[in-house]
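# Structural description and commentary
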Amino acid sequence: MTDTLRHVEPANWTSAVAVALADGFRHFDFLTAVDEAGRAGGFSVHARLVNADDPHLPAVRLSTEIPREPAELDSISFLIAGASWCERETTDFFGIAFRGGSDRHLLVPRTHGTFPLRKEEVLGARVVAHWPGAKEPGERAAGARRRLAPPGVPDPATWGDRDPALPPPTADDIAASTAPGRSRSRRPR
Amino acid sequence: MSVHSETPTPSVAHHSIELVEAECTSCMVCARVCPTWCIDLSSHPEPDASQPAGARVRTVNILDEFILDWSLCMFCGQCVDECPFHALVWSDRPVAAQRSRAGLVSGREDLRKRPHT
């Protein structure tokens, strides 16, 4: 079953949810965000609503884009009380503020200080961890010289060993330098 | 408001990933592209037996181990999509529940593609 995608401007976010509810899509599935750094930039926010009268109808997936700064969107918790949980989770992981919603932390303690699912959050342990992909074809163990960067590890010039004279790396810089290498696949898509 | 075209539904359930050993050339692409680093494979070179006598000796890489840690796998499918030889495929066979995290590490025998039932 495929979803019906409805893309709206942020100013129309709550009214789009209200319209979907009025259309019978009263079962709230989820609300979450995607960090679009390195692509469109900013964040996209997504909410999925299933038809309560006929769940076999295609569900409605609403999406909108908001800037990185300020990362804000109107809360839909006044329409769907249960959405508050998802909004708080999205705030914890992405730092997006939902105007009119709850700002209580849910999963990430206030003391953590950063937003774990933003692309500028680097998994520092990976810089030193053993990467299974460091081996070359035909090797049983990795040779001394690492030839490819592992996914999720920014190159040192961007993050680990950055020239102190440069400003801190942006989310776009880190997203670009942590993307994995790709092969050419002949599978028709 | 606009309604975009719908995205296609996958035709096969994504309960786990299986390995078609005959197609695997140990090229390392799956291990390198996996975002959670859950694939670890090793291989060694051997002379290519299919070369005619007297031809220059060529080597092929023979797969030794293929390990997939299901406790790390997030079923994103990048390995399936990026394998140039279609040696990794989606399967209806679910990953069996285990009593320990170590039990979720599957070797090539566990990952071997089973006949469709």
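Residues numbered from 1 in each chain as written. Chains lettered and ligands numbered in written order. Predicted model: local features only at pLDDT ≥ 70, side-chain atom pairs only at ≥ 80, totals over all residues. Heavy atoms only, no water.

## Structural notes on the overall build of chain A
- Each helix and strand counted, chain A has four helices and six strands in total.
- When the helices and strands of chain A are listed from N to C terminus, the series reads β-α-β-β-β-β-α-β-α-α.
- Computed over its C-alpha atoms, the radius of gyration of chain A comes to 21 Å, more than 25% above the 16 Å expected for a compact globule of 189 residues.
- Counting only C-alpha atoms and orienting by the principal axes, one finds that chain A spans roughly 60 × 45 × 25 Å.
- Within chain A, residue pairs in contact and separated by at least 24 positions form 57% of the contacts whose partners lie at least 6 positions apart. (Helix = DSSP H or I, 4+ residues; strand = E, 2+ residues; numbered from the N terminus. Rg over C-alpha atoms; globule rule 2.2 N^0.38 Å. Contact = heavy atoms within 4.5 Å.)

## Brief notes about the environment of E87 of chain A
Residue and element names in this part refer to chain A.
- Locating E87 in the fold gives a position in helix α2 (residues 83-94).
- With relative accessibility at 3%, the residue E87 sits in the buried group.
- Not counting the four nearest positions on each side in its chain, E87 is found in contact with L31, D74, S75, I76, S77 and F98.
- For E87, the side chain forms a polar contact with the side chain of S75, separated by 2.7 Å. (Buried < 20%, exposed > 50% of the residue type's maximum accessible area, 1.4 Å probe, protein only. Polar contact = N/O pair within 3.5 Å; in protein donor to acceptor, adjacent residues only side chain to side chain.)

## Topic: the nonpolar core
Residue and element names in this part refer to chain A.
- Grouped together as the largest cluster of nonpolar side chains are 26 residues, with contacts concentrated most on W13, L31, L49 and I96.
- Secondary-structure elements contributing two or more residues to this core are α1 (13-22), β2 (27-35), β3 (43-50), β4 (60-66) and α2.
- Per-element tally for this core: the top contributor is α1, with five residues. (Core = buried A, V, L, I, M, F, W, Y, C linked by side-chain atoms within 4.5 Å.)

## Thoughts on the state of the cysteines
Residue and element names in this part refer to chain B.
- On inspection of all chains with the given rule, the structure shows zero disulfides over all chains.
- Of all cysteine sulfurs, the one in C38 lies closest to C34, which takes part in no disulfide; the gap is 3.7 Å.
- Relative accessible area serves as the criterion here: at 6%, C34 is assigned to the buried category.
- Among the residues examined, C38 registers a relative accessible area of 5% and is labelled buried. (Disulfide = S-S within 2.5 Å.)

## Remarks on the side chain of H44 of chain B
- In this structure, H44 of chain B sits in strand β3 (residues 39-47).
- A residue is classified by how much of its surface remains accessible, and H44 of chain B, at 15% relative accessible area, is buried.
- Reaching out from H44 of chain B, the side chain makes a polar contact with the side chain of R140 of chain A at a distance of 3.1 Å.
- Leaving out residues up to four positions away in the same chain, H44 of chain B has contacts with G138 and R140 of chain A together with V60, N61, I62 and D64 of chain B.

## Description of the pattern of salt bridges
- Within the structure shown, the criterion is met by 18 salt bridges over all chains.
- In this structure, D3 of chain A engages R48 of chain A in a salt bridge whose closest nitrogen and oxygen atoms are separated by 2.9 Å. With a gap of 45 residues between them, D3 of chain A in the segment before β1 (4-7) and R48 of chain A in strand β3 connect regions that are remote in the sequence.
- Overall, D3 of chain A belongs to the buried group, its relative accessible area being 9%.
- Measuring nitrogen to oxygen at the nearest pair gives 2.6 Å for the salt bridge that ties R108 of chain B to E21 of chain B. One end of the pair, R108 of chain B, is in helix α3 (residues 108-111); the other, E21 of chain B, is in the loop between β2 (16-19) and α1 (29-33), and 87 residues separate them in sequence.
- Linked through salt bridges whose partners overlap, the residues forming this network are D3, D29, R48 and R61 of chain A. (Salt bridge = Lys/Arg side-chain N within 4 Å of Asp/Glu carboxyl O.)

## Looking at the confidence of the model for chain B
All names here are of chain B.
- Predicted confidence across chain B gives a mean pLDDT of 87, with 87% of residues reaching 70 or more.
- Residue range residues 1-5 is modelled with pLDDT below 50. Its contacts to residues more than four positions away, or to other chains, number 13 contacts.
- At the level of chain-chain contacts, confidence expressed as ipTM amounts to 0.76, with global pTM at 0.70. (pLDDT = per-residue confidence, 0-100.)

## As for the pairing of β4 of chain A
Residue and element names in this part refer to chain A.
- Counting buried residues in β4 gives five out of seven residues, a clear majority hidden from the surface.
- Bridge count between β1 and β4: four bridges; the pairing is parallel. Counterpart to R6 in the pairing with β4 is L62.
- As defined by bridge partners, β3 adjoins β4 across seven bridges and the pair is classed as antiparallel. Residue S44 lies in a different strand from β4, and its bridge partner there is E65. (Pairing = 2+ DSSP bridges.)

## Things to note about the sheet that holds β3 of chain B
Residues and elements named next belong to chain B.
- The antiparallel open sheet is built from three strands, whose spatial order is β3-β4-β6. Of all strands in the sheet, those with a lone pairing partner are β3 and β6 (105-106), marking the two edges.
- In the sheet, β3 pairs with strand β4 (residues 59-69) via nine bridges, with the strands oriented antiparallel. Bridge pairing in β4 places I39 opposite L68.

## A word on the packing of aromatic side chains
- Here the structure, examined in full by the defined rule, presents three aromatic pairs over all chains.
- Ring centres 6.3 Å apart and planes at 50° place the aromatic pair W131 of chain A and W37 of chain B in the tilted group. Taken together, the residues W131 of chain A in the loop between α3 (125-128) and α4 (171-178) and W37 of chain B in the loop between α1 and β3 connect one chain to another.
- Overall, W37 of chain B belongs to the buried group, its relative accessible area being 10%.
- Consider the rings of W70 of chain B and F75 of chain B, whose centres lie 5.6 Å apart with planes at 20°: the pair is stacked.
- Given the relative accessible area of 32%, F75 of chain B is considered partly exposed. (Phe/Tyr/Trp six-rings, centres within 6.5 Å; stacked < 30°, edge-to-face > 60°.)

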